[in-house]
Structures are given as C-alpha cells and as structure tokens.
Amino acid sequence: MVISVPNSLNELLTRANYLSGYSISTVADAFNLSVPADLKRHKGWIGNFIEHVLGADAGSKAIQDFTELKIELKTIPVNDKYFPLETTFVSLAPLTGNVGVTWDTSHVRNKLQRVLWMPIQGNRDIPIKDRLIGKPILWEPSLQESITLKKDWEELTELITLGQFDKINAAIGEVLQLRPKGANRKSRTHAYDSSGKLINTLPLGFYLRTGFTGNILQKNKM
DNA sequence: GGCTGATCATAG
DNA sequence: CTATGATCAGCC
C-alpha cells in the first residue's frame with residue numbers, strides 16, 4: 001500500500017497524532033505489514049515503518065520525503081518514564097571538506113532545525129508488536145539548545161579538522177557526541193591526520209545524548 | 001563507500 | 001544500570 005506524501009504540516013501532524021495510542025501491530029495490520037519479532041536484524045525497522053505510514057517514501061528512491069515541509073522525522077524509543085532508551089543518530093560526520101563549514105551551514109544544524117519526534121515504547125521486555133506509539137512532538141531548538149549544540153559541534157568539528165582522531169571518543173560534548181557509524185569497526189573512510197596526510201579511518205556519526213532528547217520529551221509531554 | 005534508518009551488547 | 005563502542009539492513 002502506497003501512502004501519499006502529506007501536503008502540509010497540518011496534514012502530517014494530523015496523521016502523526018492519529019497514530020498515538022495505538023500499538024505497532026494495530027497500525028501494521030491496517031497497512032498489511034508484518035512486524036519482526038525482534039530488532040536484532042531489523043534495527044531501523046520502527047523508523048522505516050513510521051516513515052512509511054506517515055507517507056514518507058522510505059527506501060527505494062528518496063524522491064519523496066518531508067523535505068518540502070522541512071521536517072526531519074525521528075522515532076525515539078522510550079521507557080516507562082518517557083525517557084529515551086537510546087541516543088539519537090543525527091548525521092554522518094564529514095571528516096574532510098570541513099574548511100569553511102560553520103555551524104550555520106552544517107548538516108547537524110540543518111537536520112535539527114525542525115524535528116517531528118515520535119516516541120515509541122521501547123522496553124525490551126515488550127514484544128515489538130505490542131509497543132505503543134506515543135504523542136508526536138514537533139520541536140525546534142530553543143536559543144539555549146542551539147547555543148549548546150553549536151558549542152559541541154564546534155568542539156567536535158575542530159578535533160576532526162585538526163585530525164586528532166586518537167582524541168575523539170563519545171565522552172566529548174555536552175549534548176552532542178561523536179561515535180562510530182559504519183558496518184563494523186573495520187569500516188573505513190577518508191580523513192586527514194594531524195600532519196595533513198590522507199588516511200583511512202573509522203567513519204563517525206553525530207549523536208544526541210539521551211539527556212538532551214529526554215529534556216525535549218519531558219517539556220512537551222502534557 | 002556514503003547515507004538513510006537505528007539498536008545491540010557488554011564493559012565498567 | 002548506563003553509555004560507549006560495535007553492529008545490522010537496504011538503497012544508491
């Protein structure tokens with residue numbers, strides 16, 4: 001079943017709100033989709049599933065998206081206290097070509113300008129099919145949040161541009177962190193080391209810490 | 001390999 | 001119990 005792309009922000013929000021309170025299987029049944037028993041080999045399934053039922057064209061050609069609405073959709077697994085169980089992937093971290101890139105022109109800022117968060121019950125003791133979909137939250141970073149994100153992004157990006165990959169680890173950054181993002185630890189991409197020499201190194205991604213996303217959820221739950 | 005979507009697994 | 005580092009899948 002193909003679902004049309006929402007024509008307006010209101011239409012997208014209406015659809016998203018309609019899903020809240022239903023279980024994964026209730027929605028999946030309505031769209032004739034089968035639900036995996038676990039996510040071990042389907043780690044992106046929930047995200048793709050929600051994209052699909054909201055009318056984003058997941059997979060194949062990426063022609064249709066919410067790009068016209070300037071909305072980034074993120075599902076986020078939450079516990080009983082409505083707190084995130086996982087960090088949130090934002091984007092791959094460019095390890096080259098960062099000269100001249102600023103926070104304002106960064107992928108991270110671009111993606112986080114407007115996010116539709118879809119909290120989903122994520123407790124591992126609840127079968128995937130029985131997990132409930134929460135209330136969607138349309139979020140734009142506050143001034144304070146932007147300042148903190150910018151500070152972290154600049155600190156992390158500086159380490160990349162200086163080629164100090166031996167210093168990079170997930171403990172750096174107040175709300176944003178850099179962590180591996182590849183098929184496995186043998187994955188490689190290009191970067192410049194501290195002496196300016198082209199090297200092969202582990203691909204990295206920007207992730208939002210749970211404290212940051214947890215705050216967004218807490219502020220917006222009524 | 002790069003990019004999208006993320007969660008898994010275990011050290012501490 | 002939590003966060004870091006590792007990993008999974010599909011498309012281009």
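For the structure itself, consult the block above.
Presented here is an overview of the structure given in this document. The model shown is predicted, which means the values in this text are computed figures rather than measured ones. (Residues numbered from 1 in each chain as written. Chains lettered and ligands numbered in written order. Predicted model: local features only at pLDDT ≥ 70, side-chain atom pairs only at ≥ 80, totals over all residues. Heavy atoms only, no water.)

Some thoughts on the packing of aromatic side chains
Selection rule: The criterion for an aromatic pair is that two Phe, Tyr or Trp rings (for Trp, the six-membered ring) have centres within 6.5 Å, with stacked assigned to planes under 30 degrees apart, edge-to-face to planes over 60 apart and tilted to the rest. A ring has a charge above it when a Lys NZ or an Arg CZ is no more than 6 Å from the ring centre and no more than 35 degrees off the ring normal.
Under the defined criterion, the tally for this structure stands at 6 aromatic pairs. Through a chain of ring-to-ring contacts, three or more aromatic side chains come together here, namely Trp117, Trp139 and Phe212. In this arrangement the basic side chain of Arg179 is found over the ring face of Tyr207, its NZ or CZ atom lying 4.1 Å from the centre. In this arrangement the basic side chain of Lys181 is found over the ring face of Phe89, its NZ or CZ atom lying 4.2 Å from the centre.

Points about the pattern of salt bridges
Cut-off, in case you're wondering: Counted as salt bridges are all cases of a side-chain nitrogen of Lys or Arg within 4 Å of a carboxyl oxygen of Asp or Glu. The secondary structure listing takes helices from DSSP runs of H or I that are at least 4 residues long and strands from runs of E that are at least 2 residues long, numbered from the N terminus. Residue exposure (1.4 Å probe, protein chains only): buried if accessible area is under 20% of the type maximum, exposed if over 50%, otherwise partly exposed.
Applying the stated criterion across every chain, the model contains 9 salt bridges. Measuring nitrogen to oxygen at the nearest pair gives 3.3 Å for the salt bridge that ties Glu140 to Arg114. Placement of Glu140 in the loop between strand S4 (137–139) and helix H5 (143–161) and of Arg114 in the loop between helix H4 (107–111) and strand S3 (115–121) is noted, with a sequence separation of 26 residues between them. Overall, Arg114 belongs to the partly exposed group, its relative accessible area being 23%. Of the charged contacts, one joins Lys151 and Asp152 as a salt bridge, the two residues approaching to 3.7 Å between their closest N and O atoms. The exposure class assigned to Lys151 is partly exposed, which follows from its relative accessible area of 40%. Three or more residues are tied together by salt bridges with common partners; here these are Lys151, Asp152 and Glu174.

Thoughts on the sheet that holds strand S5 (residues 176–180)
One key point about sheets: their strands pair by backbone hydrogen bonds, in either a parallel or an antiparallel sense. Heads up, the condition is: Pairing between two strands is assigned when DSSP locates at least 2 bridges connecting them. Every axis corresponds to a line fitted to the C-alpha atoms, with the helix fit spanning only the stretch in contact, and the corresponding angles, defined between N-to-C directions, vary from 0 to 180 degrees. Should any heavy atoms of two residues lie within 4.5 Å, those residues are considered in contact.
Strand order in the open sheet formed by 3 strands is S2-S8-S5, and the pairing between neighbours is antiparallel. Here the strands that pair on one side only, and so sit at the sheet edges, are strand S2 (88–92) and S5. Strand-to-strand twist of the sheet, defined as the mean angle between neighbouring strand axes without regard to direction, takes the value 35 degrees. In the sheet, S2 pairs with strand S8 (residues 204–208) via 4 bridges, with the strands oriented antiparallel. Looking at S8, one finds that Phe89 is bridged to Tyr207. Packed on one face of the sheet, H5 meets S5 and S8 and runs near 40 degrees to S5.

Some points on helix H1 (residues 9–19)
Here is the rule: As used here, the arc is the angular range of directions from the helix axis to the C-beta atoms.
Listing the buried residues of H1 in full gives Leu12, Arg15, Ala16 and Leu19. Buried positions in H1, seen along its axis, are confined to an arc of 95 degrees and lie on one side of it. Away from its buried face by more than 90 degrees, H1 exposes Asn10, Thr14 and Tyr18. In this structure, the buried residues of H1 make contact with helix H2 (24–30), helix H3 (45–54) and S3. Residue Gly21 follows H1 closely and has a positive phi angle near 100 degrees.

A closer look at the protein's contact with DNA strand B
Convention followed: Summary of the distance rule: residues count as near a molecule or strand when at least one heavy atom falls within 4 Å of that molecule or strand. Within 3.5 Å is the distance limit for a polar contact, defined as a pair of N or O atoms, with the added protein rule that one can donate a hydrogen and the other accept it, and that residues adjacent in sequence qualify only through two side-chain atoms.
Lining the immediate surroundings of DNA strand B are 22 residues, of which Thr75, Lys111, Lys181, Thr189 and Tyr207 lie closest. Those atoms of DNA strand B that come within 4 Å of the protein belong to sugar or phosphate at a rate of 63%. In this structure, a sugar or linking oxygen belonging to DNA strand B sits 3.1 Å away from a side-chain N or O atom of Lys43. Elements with a contribution of two residues or more to the surface near DNA strand B: H3, strand S1 (72–78) and S2. Ranked by the residues each element gives to the surface near DNA strand B, the list is headed by S1, at 4 residues.

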